[in-house]
Amino acid sequence: MFGSLFGKSVLAFVYRCSGAVVTFAFGICFARMMTIEEYGTLVSLMTFGLIASTIGLAGQQLRVLREVPVFAARKDYTAIGSIVAKRVRVACLGSILATVIALLIFVAAQGRGGIFGRWEHSTSLLLILPSALIEMQSSLGRTLGSVNMALVPKDVLWRLFIILLGGALFATYGHPVQAADVLVIATGVLVLLIAMQQVHLRHLAEGHRLFTTAVMRSRESIADVLSTSAPFWVTSVATVMFGAIDIVIVSVIVGPESGGYYYAANRLALLLDFFLATFCVPAAPLIARLFDEGRRTEITRVMSGATLAAFIGVLGCVVVLALAGDIALMAFGRSFVGAHGILMVLSVGMWVSTYFGVGSIALNMTGHQRAAMNIMVITSVLGIVAMVGATWMFGIWGTAVVVAIVWVANRAWMAAHIYAAEGIDLTATTMLLAIARRATRMAA
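Residues numbered from 1 in each chain as written. Predicted model: local features only at pLDDT ≥ 70, side-chain atom pairs only at ≥ 80, totals over all residues. Heavy atoms only, no water.

1. A few points about the overall build of the protein chain
Phase 1: Regarding its fold elements, the protein chain presents 18 helices and zero strands.
Phase 2: Once the C-alpha set of the protein chain is aligned to its principal axes, its extents read approximately 65 × 60 × 35 Å.
Phase 3: Counting the 444 residues in the protein chain, one finds 55% classified as buried.
Phase 4: Taking all contacts inside the protein chain whose residues are at least 6 apart in sequence as the whole, residues at least 24 apart take part in 82%.
Phase 5: Here the protein chain has roughly 18300 Å² of accessible surface; of this, 69% comes from carbon and sulfur atoms.
Phase 6: Computed over 30 positive and 20 negative side-chain charges, the separation of the two mean positions in the protein chain equals 7 Å. (Helix = DSSP H or I, 4+ residues; strand = E, 2+ residues; numbered from the N terminus. Buried < 20%, exposed > 50% of the residue type's maximum accessible area, 1.4 Å probe, protein only. Contact = heavy atoms within 4.5 Å. Areas by Shrake-Rupley, 256 points an atom, 1.4 Å probe, with all protein chains shown as cover. Lys, Arg positive; Asp, Glu negative; His and termini not counted. Charge placed at Lys NZ, Arg CZ, Asp CG, Glu CD.)

2. Concerning the confidence of the model for the protein chain
Any region with low pLDDT has predicted coordinates that should not be read closely.
Phase 1: Of the residues in the protein chain, 92% have a pLDDT of 70 or more, and the chain-wide mean is 82.
Phase 2: When the elements of the protein chain are averaged for pLDDT, helix H9 (residues 214–217) gives the smallest value, 50, and helix H14 (residues 340–354) the largest, 93. (pLDDT = per-residue confidence, 0-100.)

3. Description of helix H7 (residues 147–173)
Residues lying three or four places apart along an α-helix face the same way, a consequence of the helix completing one turn every 3.6 residues.
Phase 1: The end-to-end C-alpha separation of H7 is 38 Å, in line with the 39 Å expected for 27 residues at 1.5 Å each.
Phase 2: Phi turns positive, to about 75 degrees, at Gly174, one or two residues after H7. (Expected span 1.5 Å × (residues − 1).)

4. With respect to the packing of helix H13 (residues 296–330) against H14
Phase 1: For the pair H13 and H14, the least separation of the axes is 9 Å and the interaxial angle reads 175 degrees. One way to sum up the angle between H13 and H14 is to call them roughly antiparallel. Counted together, Thr307, Ala310, Phe311, Val314, Leu315, Val318, Leu321, Ala322, Gly325, Asp326 and Leu329 of H13 and His340, Leu343, Met344, Ser347, Val348, Trp351 and Thr354 of H14 form the full contact between these two elements.
Phase 2: Its residues assigned to classes, the contact of H13 with H14 comprises 12 nonpolar, five polar and one charged. (Axes fitted to C-alpha atoms, helices over the stretch in contact; angles between N-to-C directions. Parallel < 35°, antiparallel > 145°, perpendicular 65-115°, else oblique. Nonpolar A, V, L, I, M, F, W, Y, C, P; charged D, E, K, R; others polar.)

5. Quick notes on the environment of Arg296
Phase 1: On the secondary structure map, Arg296 appears in helix H13.
Phase 2: Each C-alpha atom, one on Arg296 and one on Glu422, is 7.6 Å from the other, the two residues being 126 residues apart in sequence.
Phase 3: The contact partners of Arg296, leaving out residues within four places of it in the chain, are Phe291, Glu422 and Ile424.

6. Overview of the environment of Thr235
Phase 1: Examined against the element boundaries, Thr235 turns out to sit in helix H10 (residues 222–253).
Phase 2: You can call Thr235 buried: its relative accessible area is 0%.
Phase 3: With 153 residues separating them in the primary sequence, Thr235 and Val388 have C-alpha atoms 21 Å apart.
Phase 4: Discounting chain neighbours no more than four positions away, the residues touching Thr235 are Ser360, Asn364, Gln369, Ala372, Met373 and Met376.

7. Topic: the pattern of salt bridges
Phase 1: Counted according to the given criterion, the structure contains six salt bridges.
Phase 2: One salt bridge in this structure joins Arg87 and Glu67, with 3.1 Å as the shortest N-O distance. Taken together, the positions of Arg87 in helix H5 (residues 77–109) and Glu67 in helix H3 (residues 60–67) put the pair 20 residues apart, joining distant regions of the chain. Summarising the burial analysis for this pair, Arg87 and Glu67 share the class buried.
Phase 3: Between Arg411 and Asp273 there is a salt bridge; the shortest N-O distance is 2.8 Å. With Arg411 in helix H17 (residues 396–422) and Asp273 in the loop between helix H11 (256–270) and helix H12 (274–292), this pair connects stretches of sequence that are 138 residues apart.
Phase 4: Salt bridges sharing common partners tie together Arg63, Glu67 and Arg87. (Salt bridge = Lys/Arg side-chain N within 4 Å of Asp/Glu carboxyl O.)

8. Brief notes about the packing of aromatic side chains
The geometry of an aromatic ring pair comes down to the distance between the two centres and the angle between the two planes.
Phase 1: Enumeration according to the criterion identifies eight aromatic pairs in this entry.
Phase 2: Considering the side-chain rings of Phe311 and Trp351, the 5.1 Å spacing of their centres and the 15 degrees angle between planes classify their relative orientation as stacked. Taken together, the residues span a long stretch of sequence, with Phe311 in helix H13 and Trp351 in helix H14 at a distance of 40 residues.
Phase 3: Accessibility expressed as a relative area gives 23% for Trp351, which makes it partly exposed.
Phase 4: Arranged with centres 5.4 Å apart and planes meeting at 75 degrees, the rings of Phe311 and Tyr355 form a pair that is edge-to-face. Remark: Tyr355 occurs in the loop between H14 and helix H15 (359–365) and Phe311 occurs in helix H13; sequence separation between them is 44 residues.
Phase 5: The ring of Phe26 has Arg159 sitting right over it, with the charged end atom 6.0 Å from the ring centre. (Phe/Tyr/Trp six-rings, centres within 6.5 Å; stacked < 30°, edge-to-face > 60°. Lys NZ or Arg CZ within 6 Å of the ring centre and 35° of its normal.)

9. Side note on the nonpolar core
Phase 1: Among the nonpolar cores identified, the biggest contains 108 residues, and Phe30, Tyr39, Leu42, Trp158, Ile162 and Tyr262 are the most heavily contacted of them.
Phase 2: Take this core: its biggest share by element is 12 residues, from H12.
Phase 3: With near-sequence residues (within four places) excluded, Tyr262 lies in contact with Asp246, Ile247, Val250, Ile342, Leu346, Ile396, Thr399, Ala400 and Val403.
Phase 4: Of all hydrophobic cores here, the second largest spans 17 residues; its members include Leu57, Tyr77, Val88 and Met149. (Core = buried A, V, L, I, M, F, W, Y, C linked by side-chain atoms within 4.5 Å.)

Structure representation (structure tokens):
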């Protein structure tokens, strides 16, 4: 079992690295094919669409991860189909509602300037439903054991196709690409990838149709689904919102140009999290199974070891960024070098937070989703309030410091909670102590 987990983790790491390269290339290419104002608008609107999509999902992607693994182990596709039917129905209805609400924001802001003040920018609303559907497909593929389906389409292929089509548009017309055009391209690519994934998903389910008839087959009331999904919903929204709202805040308060600079530093710093994030791709369903079987010691052994490895890896990356981060930023353009200090603040915050592991996944996979919700809400709300004030007073420096502090506080609190409740250590402490004891015995 653990050999398979290691193999899938390595594969996930390779895909995450590929996704990181494509994401980096995405930022560089469009920074050079657009004006800085349009570039800041594009990344802000794509972030806005991602947040709206996560709200529309109503936590259904996490419920799939929590509920399906035990049935996937038995290959009970009838039960899986019943679960997916309920989850996809809610995700579709929630995404449509999120689109309508987001449209009202554009209506209210029309003619007032800013990223929401132009009608052509409302093309970002087209991203919401397709983003929700591809996230649901990825979560289901993940529970069925497919690392390819979990990562390749949305992390690698999506941005790669956008780069290619955006580059073709730029080469054809020879003038800077507009944000609205890129958003339309992004939506079309998502629809294509959803259709492609459906073929692979049916193969994984041994011919069963888990998505195409899901909405028609669902009989559970929306009220019942929402009452049980609330913790997953709030946690997923808070996670994505806090991970993305800083870019929107900078763009609105300081301006799209500063938003572009901050985005470059932020995206580079977030790449440091893919060490733990890749491990969690195959580990999340495994944690759910081990917890249901009462094997908490094995969860600690797996998670603590992975956390220590990630902590060491991120430290090496922080050192590299300290020495050569300006070179990485220069790929976006010479003016982006000024964001090196911001990059280092965010990178150090990510490194320290890595020591505490990934509490959000562990809490949601072990029945502590309400605790995860409470922690995420408290840290996110306080963080956003502090972020607005810090950005208003100190610009993007204030944003970066607040974000780094909240990253650390959030993960430390979650790790402390699950240790107190279940005796599961997500931090690198258990593995460090084991290594120290082994070294002491060898020295003796």
